[in-house]
Amino acid sequence: MMGRTHLCIGTGVVLSIAASTDTPITLPLIVATVIGSLLPDIDEPNSLIVSRSLPKPLLNSIRLLLVALAAIIYFSNSIPAPLATLLPLAVGAIAFIPARSLRNISMILIGVGLLVTGQLSNSWATIIGACLLICAVVPHRGLTHTVYGLVVWSALLYYATYQTLGHMIWIAGGTAYLLHLLADAVTDHGIRPLPPLKYRLRFRLMSTGTRSGSIIEGVCILMTLALVVFAFFM
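Reading the values: rules and limits
Residues numbered from 1 in each chain as written. Predicted model: local features only at pLDDT ≥ 70, side-chain atom pairs only at ≥ 80, totals over all residues. Heavy atoms only, no water. Patch = residues over 30% accessible without salt bridge, like charges linked within 9 Å, V, L, I, M, F, W, Y side chains within 5 Å. Areas by Shrake-Rupley, 256 points an atom, 1.4 Å probe, with all protein chains shown as cover. Salt bridge = Lys/Arg side-chain N within 4 Å of Asp/Glu carboxyl O. Helix = DSSP H or I, 4+ residues; strand = E, 2+ residues; numbered from the N terminus. Buried < 20%, exposed > 50% of the residue type's maximum accessible area, 1.4 Å probe, protein only. Phe/Tyr/Trp six-rings, centres within 6.5 Å; stacked < 30°, edge-to-face > 60°. UniProt positions renumbered as here; feature names shortened; annotations may be inferred.

On to a nonpolar patch on the surface. Together, Ile25, Leu27, Ile30, Val31, Ile35, Val229, Phe230, Phe232, Phe233 and Met234 line one region of the surface with nonpolar side chains, adding up to about 990 Å² of accessible area. For the nonpolar patch, the elements supplying multiple residues, two or more each, are helix H2 (27-38) and helix H10 (211-233). You can see Phe232 is positioned in helix H10. With relative accessibility at 37%, the residue Phe232 sits in the partly exposed group.

Put into structure tokens, the structure is as follows:
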């Protein structure tokens, strides 16, 4: 399913359940729900969560910085002759790769930066950096679209929030993540919930990007909106 559909279903259903059970809808709960509804697609460089975190204007800025860096290296007198030519060419070439690949490389660099930062001061930065590195190299609908990804995300939320914010944050974020997996399970491709087991969970109700798939996604969004209206206004 498309990212906007996952966002609507995940946040709409979870917040409706919260409202129906008189759970306080706080900003941390909303943030955890929104991220959880989109997080499984972080292994796809063109997904909604990645493209919004690394939008095209930012990628264009990265391209300009790479070109500038290549020029600085080329005109520097402190680099030996072979590297003074090859290194600028390599850096400059990266500046002109497709946006999808550039996002992937950016995720790897950010992940490495967070790993280094986390070793110095913040263990959470280490965890996030490791997740980014893993997601940058695994195939789409790979590790993040499994029960293992759901457990890791829920555990991270639990240990980060339960002492100060209670249990509802990790439950909401984990539920939104689970709804994403179930929504992808209705597609023709489905998901492999427990690799290396070859079992694939799929109901073959739709194919993403097709006209019939768009109709089914529209129906799911309307049903979610109806649930929101019922939970919040009736």
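The next point concerns the packing of aromatic side chains. Any aromatic ring pair is given by two values, namely how distant the centres are and how the planes are angled relative to each other. This model, assessed by the stated rule, comprises five aromatic pairs. Relative to Phe75, the ring of Tyr74 lies with its centre 5.1 Å away and its plane at 85°, an arrangement referred to as edge-to-face. Arranged with centres 5.5 Å apart and planes meeting at 90°, the rings of Tyr158 and Trp170 form a pair that is edge-to-face. Pair noted here: Tyr158 is in helix H8 (residues 147-165) and Trp170 is in helix H9 (residues 168-185), with a separation of 12 residues, a long-range link. On the basis of relative accessibility, which here comes to 26%, the residue Trp170 falls in the partly exposed class. Taken together, Tyr158, Tyr159, Tyr162 and Trp170 form an aromatic cluster joined through their ring pairs.

Let us now look at the UniProt feature "transmembrane region" (unreviewed entry) in the chain. The residues that UniProt annotates with the feature "transmembrane region" (unreviewed entry) are residues 83-99, 105-138, 145-162 and 212-233. For residues 83-99, the end-to-end C-alpha separation is 27 Å, with 82% helix and 0% strand making up the annotated structure. Between the first and last C-alpha atoms of residues 212-233 the distance is 31 Å; the span itself is 100% helix and 0% strand.

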